[in-house]
Amino acid sequence: MYFKKLLIFVLLSPLLFFSGQDHQNFSDPIQTDLEQGRVEYRVVVKIIENEWRVVLENDESRSDVTLRRGDRIRWVVEGSDASFAFPDMRIFGQETREVRDGNPLVMAVSADSPKGTFAYTVFIHESMTYARGQSPPRIIIRN
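The structure displayed is predicted, hence computed values, not measured ones. (Residues numbered from 1 in each chain as written. Predicted model: local features only at pLDDT ≥ 70, side-chain atom pairs only at ≥ 80, totals over all residues. Heavy atoms only, no water.)

**Section: the packing of aromatic side chains**
All chains considered together, the criterion is met by eight aromatic pairs. Each ring, one from Phe 123 and one from Tyr 130, has its centre 5.1 Å from the other, and the planes form 65°; the classification is edge-to-face. Clustering of aromatic rings is evident, with ring pairs tying together Trp 75, Phe 84, Phe 86, Phe 92 and Tyr 120. (Phe/Tyr/Trp six-rings, centres within 6.5 Å; stacked < 30°, edge-to-face > 60°.)

Listed below in structure tokens is the structure:
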């Protein structure tokens, strides 16, 4: 009996492997995201005027990011490890994440994310303080 089950498994394994492959779509995931209207926003956590701040990559006066489900945020912390805490697990599928100095944290807004404005926190390990955004940094989910 055991031998028959093993034989069936060995014979069917290749079929299961190949049937699970997507032979139609070998496109670049970034290009696919652009085609579907998804956007990646870049946010930096760094020291500005002796204070840890969360700012948009190209605009140090703003930190709020308005996104849609499926959009991504790429945070980079410059100069320290940091911990991120999000108010609702449904936004990214997790409530907290840690990131090492200089490494990106990339998260996509989940399909079941609620609409609304959500403040989040970034705790800076080196200085044992929280980074400030537009007091505090916020994620705004539309759609």
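The discussion continues.
**Details of the side chain of Asp 64**
Take Asp 64: it is sitting in the loop between strand S2 (51–56) and strand S3 (65–68). Of note is the side chain of Asp 64, whose polar atom sits 2.3 Å from the side chain of Arg 138. Apart from residues no more than four positions distant in its own chain, Asp 64 is found in contact with Leu 56, Gln 134, Pro 136, Pro 137, Arg 138 and Ile 140. (Helix = DSSP H or I, 4+ residues; strand = E, 2+ residues; numbered from the N terminus. Polar contact = N/O pair within 3.5 Å; in protein donor to acceptor, adjacent residues only side chain to side chain. Contact = heavy atoms within 4.5 Å.)

**Considerations on the environment of Ile 141**
Secondary-structure assignment places Ile 141 in strand S11 (residues 138–142). For Ile 141, a relative accessible area of 1% gives the class buried. Through-space distance from the C-alpha of Ile 141 to that of Arg 69 is 7.3 Å; in sequence the pair is 72 residues apart. Ignoring any residue separated from it by four or fewer positions in sequence, one finds Ile 141 in contact with Leu 67, Ile 91, Val 109, Ser 113, Pro 114, Lys 115, Gly 116 and Phe 118. (Buried < 20%, exposed > 50% of the residue type's maximum accessible area, 1.4 Å probe, protein only.)

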